[in-house]
Amino acid sequence: MENGQQGKKEGWEREVLEKLAFASLDESRKARRWGIIFKIFIGVYLIIVLLIMQSGSWGEKTLASRYTALVELDGEISAESNANADSIVKGLREAFEDKAAVGVILHANSPGGSPVQSAYIYDEILRLRKKYPDKLLYAVIGDVCASGCYYAVAAADKIYASPASIVGSIGVLMDGFGFVETMKKLGIERRLLTAGDNKGILDPFSPLDSKSRRHAQKMLDEIHVQFIDAVKQGRGAALKPNKEIFSGLFWSGTKAKELGLVDEYGSAGSVARDVIGAEEIVDYTVHENLFQRLAERFGTAMGRTVASELRLSGRGLR
């Protein structure tokens, strides 16, 4: 009798446990199903957002018979930024090649950056102007176009700006910090081993000697001369005889116009409408592909991980 009651009790407990297990499994499946649906929704949402971001701010390429092509030069000019020379040049080439684009605007809003990247843009503008003599390129300055930015736009047929724009800074700099005295106070010893007498030049933890200073200054002067020659070639007789133009100073758009750094006042819209005669603007800016950027960053992260693992066995070379 007791064995029968014990069997019934165990059967009841087993049945309850099975129901609880199945209920838990069912809830887990539902949660996983909703999780998948939620992830799909987020994925679709992100794709839509990315597609919207990829669209141009000045309009899409259309089937209009004539329009003004525009390329944005926005932000610091460097190989890693959106304002890298490859992207700017690609946009300019496509704009010049399009027969429906009757004029090209390079809309510049940049504090400058790499002289190499700036020179690349400058040289390509001159090449395109020579190849397409009937299609003019107008540089339109936004808030600021200084240093390397002005280097690039100096090759344009004409330069427009706002009276309040910041223009100029035709100079070259190299900056850094020295920690020699700080290290002395902290009792830190710098141990630098090099192969090559000048490999450690401008090391921030070592004293700056006169030879290193002269070498760096000579290099800066050479790049400055290249900058000056480019501006003189691009602006020609429009430049006024004023030595301070190449001193590294910057000015308002009003003063820049007086000095010949700017031709006229105007915005991208007014230049398209009143100068080029094609009010419709089509954006030819090469926008960054976010999927490609993520893939590149993933690859970079993997490379850094491998490199860090390799460095465990010894110091890396620079």
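Here, residues in each chain are numbered from 1, in the same order as that chain's written sequence. The predicted nature of this model means local features are confined to residues of pLDDT at least 70 and side-chain atom pairs, given and counted, to a pLDDT of 80 or more, with totals for whole chains, interfaces and linings taken over all residues. Each side-chain value is worked out from all heavy atoms of the structure, with water and hydrogens disregarded.

Q: Explain the packing of helix α2 (residues 85–97) against helix α3 (residues 115–131) here, please?
A: Packed helices, taken two at a time, are described by the angle between their axes plus the distance between the axes. For helices, the fitted line uses only the C-alpha atoms of the stretch in contact; every axis is such a line through C-alpha atoms, and the angle between N-to-C directions lies from 0 to 180 degrees. Counting from the N terminus, the helices are DSSP H or I runs at least four residues long and the strands are E runs at least two residues long. Relative orientation of the contacting elements α2 and α3 amounts to 10°, with a least axis distance of 9 Å. The angle between α2 and α3 places the two elements in the roughly parallel class. In this structure, α2 meets α3 at a crossing whose hand is right-handed. Only Gln117, Tyr120, Ile121, Glu124, Ile125, Arg127 and Leu128 of α3 make contact with α2, whose side of the interface consists of Ala85, Asp86, Ile88, Val89, Leu92, Arg93 and Phe96. Under the scheme applied, nonpolar residues are Ala, Val, Leu, Ile, Met, Phe, Trp, Tyr, Cys and Pro; charged residues are Asp, Glu, Lys and Arg; polar residues are all the others, including Gly. Considering only residue class, the contact of α2 with α3 consists of nine nonpolar, one polar and four charged. Roughly parallel means an angle under 35 degrees; roughly antiparallel means over 145; roughly perpendicular covers 65 to 115; every other angle is labelled oblique. By definition, turning the near helix anticlockwise from the far helix through less than a right angle yields a left-handed crossing, and turning it clockwise yields a right-handed one. In what follows, a contact means two residues having at least one pair of non-hydrogen atoms within 4.5 Å.

Q: Help me understand unusual backbone geometry, please; the structure alone is not making it clear to me.
A: Peptide bonds are mostly trans, and most non-glycine residues show a negative phi. The residue Ser147 is not glycine, and still its phi comes out positive at about 55°. Looking at where Ser147 falls in the secondary structure, it is placed in the loop between β3 (137–146) and α4 (148–153). Its identity as a non-glycine residue notwithstanding, Leu202 has a phi of 65°, on the positive side. Relative to the elements of secondary structure, Leu202 occurs in the loop between α5 (180–186) and α6 (210–235).

Q: Looking at this model, I keep getting lost on the nonpolar core. Mind explaining?
A: As a rule of thumb, soluble globular proteins bury nonpolar side chains together. As used in this record, nonpolar core signifies buried Ala, Val, Leu, Ile, Met, Phe, Trp, Tyr and Cys residues forming a set joined through side-chain atoms within 4.5 Å. Burial classes follow relative accessibility: with a 1.4 Å probe on protein chains only, a residue under 20% of its type's maximum area counts as buried, one over 50% as exposed, and anything between as partly exposed. Core analysis: the largest hydrophobic core is formed by 51 residues, its most contacted members being Leu92, Leu106, Tyr150, Val153 and Leu261. In this view, Leu261 contacts Tyr150, Ile159, Val167, Ile170, Arg235, Leu239, Ile245, Trp251 and Ala256; residues no more than four positions away in its chain are not counted. Counting eleven residues, the second-largest nonpolar core is a separate cluster that includes Leu70, Ile105, Val140 and Ile276.

Q: Explanation requested: the pattern of salt bridges in the structure shown.
A: Oppositely charged side chains can form a pair if their charged atoms are brought close together. Salt bridges are defined as contacts in which a side-chain nitrogen from Lys or Arg sits within 4 Å of a carboxyl oxygen from Asp or Glu. Counted under the stated rule, the structure contains nine salt bridges. Between Arg93 and Glu124 there is a salt bridge whose closest N-O contact spans 2.9 Å. On the criterion of sequence distance, the pair formed by Arg93 in helix α2 and Glu124 in helix α3 is long-range, its members being 31 residues apart. The class of Arg93 is partly exposed, set by a relative accessible area of 33%. With relative accessibility at 6%, the residue Glu124 sits in the buried group. One salt bridge in this structure joins Arg191 and Glu189, with 3.6 Å as the shortest N-O distance. Of the two residues, Arg191 and Glu189, both sit in the exposed class. In this structure, a network of salt bridges that share partners links the residues Arg93, Glu124 and Arg127.

Q: Could you clarify how one ought to interpret the pairing of β3 in this entry?
A: Regular strands place side chains that alternate from one sheet face to the opposite one. Of all ten residues in β3, seven are buried; the element is thus mostly enclosed. With six bridges joining them, strand β2 (residues 101–110) and β3 adopt parallel strand pairing. Directly across from Ala108, in β3, lies its bridge partner Ile141. By definition, the crossover connecting two strands over a helix is right-handed if that path, from the first strand to the second, turns clockwise as seen with the strands pointing away from the viewer. The β-α-β motif built from β2, the intervening α3 and the parallel element β3 has right-handed crossover chirality. In short, DSSP must find at least two bridges between two strands for them to pair. Across three bridges, the pairing between β3 and strand β4 (residues 158–161) is parallel. When the bridges of β4 are listed, Ala139 appears paired with Ile159.

Q: Sorry if this is basic, but what is going on with the confidence of the model for the chain here?
A: Do not read the fine detail of predicted coordinates wherever pLDDT is low. Per-residue confidence from the prediction method is given by pLDDT, with values spanning 0 to 100. Per-residue confidence for the chain gives a mean pLDDT of 82, with 74% of residues at or over 70. Contacts from residues 306–318, a stretch scored under 50 in pLDDT, to residues over four places away or in other chains number one contact.

Q: What should I look at first to understand α2 in this one?
A: One turn of an α-helix holds 3.6 residues; hence residues three or four places apart share an orientation. By this rule the span expected of a helix is its residue count minus one, scaled by 1.5 Å. Helix length check: α2 (13 residues) gives 18 Å between terminal C-alpha atoms against 18 Å at 1.5 Å per residue, within 8%. Three or more residues of α2 are buried, namely Ala85, Ser87, Ile88, Val89, Gly91, Leu92, Ala95 and Phe96. Among the structural elements, β1 (67–74), β2, α3 and β3 are those in contact with the buried residues of α2. The distance from a side-chain oxygen at the start of α2 to the backbone nitrogen of Asp86 is 3.2 Å, and the residue carrying that oxygen is Asn84. In protein, a polar contact requires one atom able to donate a hydrogen and another able to accept it; more generally it is a pair of N or O atoms within 3.5 Å, and residues adjacent in sequence count only if both atoms are side-chain atoms.

Q: So what exactly am I meant to see when it comes to the pairing of β1 here?
A: The buried fraction of β1 is high, at seven of eight residues. Both β1 and β2 contribute to a ladder of eight bridges, which runs parallel. Residue Tyr67 lies in a different strand from β2, and its bridge partner there is Ala101. Crossover β1 to β2 through α2 is right-handed.

Q: Which parts of the structure should I look at to understand the packing of aromatic side chains?
A: Think of a pair of aromatic rings as described by two things: how far the centres are apart, and how the planes are tilted against each other in angle. Pairs were defined over the aromatic rings of Phe, Tyr and Trp, the Trp ring being its six-membered one, requiring ring centres within 6.5 Å. Orientation was assigned from the angle between planes: stacked under 30 degrees, edge-to-face over 60, tilted for the rest. All chains considered together, the criterion is met by five aromatic pairs. Centre to centre, the rings of Phe179 and Phe205 are 5.4 Å apart; their planes meet at 25°, and the pair counts as stacked. Of the two residues, Phe179 is situated in the loop between β5 (166–168) and α5 and Phe205 in the loop between α5 and α6; the sequence distance between them amounts to 26 residues. We classify Phe179 as partly exposed; its relative accessible area is 35%. Phe205 gets classed as partly exposed once you look at its relative accessible area, which sits at 36%. The structure contains a cluster of three or more aromatic residues connected by ring pairs, namely Tyr122, Tyr151 and Phe227. In our convention, an over-ring charge means Lys NZ or Arg CZ found within 6 Å of a ring centre and within 35 degrees of that ring's normal. Its end group placed over the ring of Tyr265, Lys257 keeps NZ or CZ at 5.5 Å from the ring centre.

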